[in-house]
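Structural overview
The primary structure of each chain is shown beneath.
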Amino acid sequence: MPEPGKLKEALSNGSIRSNATKAPTFEEVLKEVGEFGFFQMRLFSILTLMDLGTGQCMMFFVFANANPGWECVRYHGYGNVSFLLFSDNGTSSENRTAGGCNLLRDECEEVNFSGQFSSIVSEFGLICGLSYVPKLAVSIQMLGVLLGALLTGQLADLFGRKKTLLAVASGMMFIQAAVSLSCSWQVYIFTRFLACVCLGGTMCLITTMPMEFIGPKWRTFCGSLSLFVLGLILQCLWAYVLGDWRYQALVSGLSTTPLLLCIIIWVPESVRWLIQKGRFAEAEAIMKRIAVCNGKEVPDLTILKAIALRDNQENSRRHRYSYLDLFRGKQVASRTVVLLFTWFTCSTIFYGISTQYGSLSGNFYINTLISPMLALPFAWTVILTGLRFGRRWSFVGYMVIPSTCMCIVLVFISTGLDEDHPNLTRALVLIGKGAVNACWMLAAIYSSELYPTLMRNIGMGACSMFARVAGAVTPQISYLGMMYHRSIPYAVYTILAVTSAVLVFTFLPETKDKPLPESTALPIEGEAERATETIGTAEEQL
């Protein structure tokens, strides 16, 4: 590989021609301007802080859709019928009858809500015949996140990362705040759907954008410092302090709006995207800005044209990528399928447990707060394990934890031991969720490192899309557990976790310290000759 400062010389003296694998890469230029200097630290901090907003917006449903507990004061002449806090446990309204009447079919004539907080359940009377609405709202919310991920991947590759990020991030914040003005549960579901469309796009972009500005050895560190769980902690604090779901919606939407100004000022367009689109003047200006900010000398940036010419020739048959390209070729398709299944698994377990906090023993707020606090240590250890053992072994190791925890809980519930050991059951469930969060972080790093630049946002969008499919299905899995047997969700979690670990270990390569791929070309016969022709064209341009 040419030494820093000698890239153009390597082109001119022909030393690169002898072997196509020594063709110039963007990482070489990035090393000259700084792989993780002050510029990258500032950019990474801004985009990572956006996770506080996405975490609050995503997990808002945990409190806004919760059942605060209620009492049927007059039920068709059968007297008072009381129902315990949160309807997800074994004594919920779905499983209780009064005088032979099914409470799902027959409305109470007068209801008193006895909880200490306000939610859409208490405000819009979503009990008995309307008890399905809160879970339906969660499924529709996840479909919104899915749609956002689906659209944003294409939009970011067509119009640029920065413009798309500003559009979806501002939409997420202000529409989430507008949720507080909902006058009915139908309006609530619609506004939450729109907010989550923007949320899905924001989550994709704040994950991929930092990876396009930093060197390979820093990607594990940056990919492991997600603040999403801190956003959940903040949302839990808002719920405890504010109580009313409308105030929670307003605060969770507006709390991170100052970050929009920071993005406008300090976050530039992706240089990798600019050079792929042939906008070399803008790319060179940003690279000079990075070098100056990092205290480095500005290198010869004409090499960017050579990089673009090489990559464009390799991708000359595909001028515009779509989701279908993720399944072209045996190797690319197999990796895509494994990544999609991995994201589906992590999302199913993570949100499945989130929708079942009310069924766990102990205080609802404490359970909700303990979960992200347990996830933080797992997230921090991802940095060490990812650097020491690589992505594949780290993922498999972390996935063993939820596999074991969910299997034990499954046995406990099937044998009735969970009633004798409620605290142990709760601990196993929450520990499993914390480990799944670490697996999800590794899956995000893996996805951003396996796809080339022109397909990276599309690939991340597809992965996020499958995660939202899981999020939409998860409430229905929980509902099956309430209707038939409480062990059903944990059986599903166990099977998904074990299968995901096996697939990752079998089909995904190690990406630790490897350059980000710039094209979809695979090492096949004749590649060296084509690369030589490309470098010759680059010399003429230089």
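The structure displayed is predicted, hence computed values, not measured ones.

Quick look at the overall build of the chain
Along the chain, the regular secondary structure elements total 21 helices and 5 strands. The buried share of the chain, taken over its 542 residues, is 57%. Excluding contacts between residues fewer than 6 apart, the proportion of contacts in the chain whose partners are at least 24 apart in sequence is 82%. Of the roughly 21500 Å² of accessible surface on the chain, a fraction of 63% belongs to carbon and sulfur atoms.

Regarding the environment of Asp300
Assignment of secondary structure puts Asp300 in the loop between α13 (280–293) and α14 (303–314). In this structure, the C-alpha to C-alpha distance between Asp300 and Glu284, residues 16 residues apart in sequence, is 9.4 Å.

Regarding the packing of aromatic side chains
Under the counting rule described, the total for this entry stands at 11 aromatic pairs. On the numbers, 6.1 Å between centres and 65° between planes, the contact of Phe124 with Trp245 is edge-to-face. With Phe124 in helix α4 (residues 120–124) and Trp245 in helix α10 (residues 245–254), this pair connects stretches of sequence that are 121 residues apart. A centroid spacing of 5.0 Å and a plane angle of 70° characterise the contact between Trp393 and Phe505, whose relative ring orientation is edge-to-face. One end of the pair, Trp393, is in helix α16 (residues 364–415); the other, Phe505, is in helix α20 (residues 488–507), and 112 residues separate them in sequence.

Looking at the confidence of the model for the chain
Scored by pLDDT, the chain comes out at a mean of 77, with 76% of its residues at no less than 70. Highest mean pLDDT in the chain belongs to helix α6 (residues 161–178) (95); lowest belongs to strand β3 (residues 97–98) (34). Segment residues 77–106 is flagged for pLDDT under 50; beyond a separation of four residues in sequence, or across chains, it makes 69 contacts in the model.

Here's the deal with helix α5 (residues 133–159)
Side chains three or four residues apart in an α-helix point the same way, a direct result of the helix having 3.6 residues per turn. End to end, α5 covers 37 Å across 27 residues, agreeing with the expected 39 Å (1.5 Å per residue, within 8%). Gly160 occupies a position one or two residues after α5 and carries a positive phi of about 105°.

With respect to the nonpolar core
Generally speaking, a soluble globular protein has its nonpolar side chains buried in company with each other. Counting residues in hydrophobic clusters, the biggest one holds 106 residues, and the most contacted among them are Met58, Met59, Met287, Leu304 and Tyr351. If one sorts the elements of this core by residue count, helix α18 (residues 422–450) sits on top with 12 residues. In this structure Tyr351 touches Met58, Met59, Phe61, Met142, Phe228, Trp440, Arg468 and Thr474, once residues within four positions along its chain are discounted. Counting residues in each nonpolar core, the second largest holds 17 residues, with Phe60, Phe124, Leu126 and Ile127 among its members.

Quick look at the side chain of Glu269
Structurally, Glu269 is set in the loop between α11 (258–266) and α12 (271–276). No salt bridge forms around the buried Glu269; measuring N to O, its nearest opposite-charge neighbour Arg161 is 5.2 Å away. In terms of polar contacts, Glu269 uses its side chain to reach the backbone amide nitrogen of Lys162, at 3.3 Å. Those residues in contact with Glu269 that sit more than four places away from it in its chain are Phe159, Gly160, Arg161, Lys162, Lys163, Phe213, Leu274 and Ile286.

A look at the packing of helix α3 (residues 38–64) against α6
One can describe the packing of α3 onto α6 by two numbers: an axis separation of 11 Å at closest approach and a directional angle of 40°. The orientation of α3 relative to α6 falls into the category oblique. Remark: the crossing between α3 and α6 carries left-handed chirality. Facing Leu47, Met50, Gly53, Thr54, Cys57 and Phe60 of α3, the residues of α6 in contact are Leu165, Ala169, Met172, Met173 and Gln176. A class-by-class count of the residues in the contact of α3 with α6 yields 8 nonpolar, 3 polar and no charged.

Brief notes about the side chain of Ser182
Among the secondary structure elements, Ser182 is positioned in the loop between α6 and α7 (185–211). When its relative accessible area of 1% is taken as the criterion, Ser182 is described as buried.

Considerations on the pattern of salt bridges
This model, assessed by the stated rule, comprises 4 salt bridges. In this structure, Arg246 and Glu123 form a salt bridge, with 2.5 Å as the shortest nitrogen-oxygen distance. Of this pair, Arg246 sits in helix α10 while Glu123 sits in helix α4; the two residues are 123 residues apart in sequence, bridging distant segments of the chain. Overall, the relative accessible area of 34% leaves Glu123 in the partly exposed class. Across the pair Glu282 and Arg279 runs a salt bridge whose closest N-O atoms are separated by 2.8 Å.

Definitions and cut-offs
Residues numbered from 1 in each chain as written. Predicted model: local features only at pLDDT ≥ 70, side-chain atom pairs only at ≥ 80, totals over all residues. Heavy atoms only, no water. Helix = DSSP H or I, 4+ residues; strand = E, 2+ residues; numbered from the N terminus. Buried < 20%, exposed > 50% of the residue type's maximum accessible area, 1.4 Å probe, protein only. Contact = heavy atoms within 4.5 Å. Areas by Shrake-Rupley, 256 points an atom, 1.4 Å probe, with all protein chains shown as cover. Phe/Tyr/Trp six-rings, centres within 6.5 Å; stacked < 30°, edge-to-face > 60°. pLDDT = per-residue confidence, 0-100. Expected span 1.5 Å × (residues − 1). Core = buried A, V, L, I, M, F, W, Y, C linked by side-chain atoms within 4.5 Å. Lys, Arg positive; Asp, Glu negative; His and termini not counted. Salt bridge = Lys/Arg side-chain N within 4 Å of Asp/Glu carboxyl O. Polar contact = N/O pair within 3.5 Å; in protein donor to acceptor, adjacent residues only side chain to side chain. Axes fitted to C-alpha atoms, helices over the stretch in contact; angles between N-to-C directions. Parallel < 35°, antiparallel > 145°, perpendicular 65-115°, else oblique. Left-handed = near helix turned anticlockwise from the far one by under 90°. Nonpolar A, V, L, I, M, F, W, Y, C, P; charged D, E, K, R; others polar.

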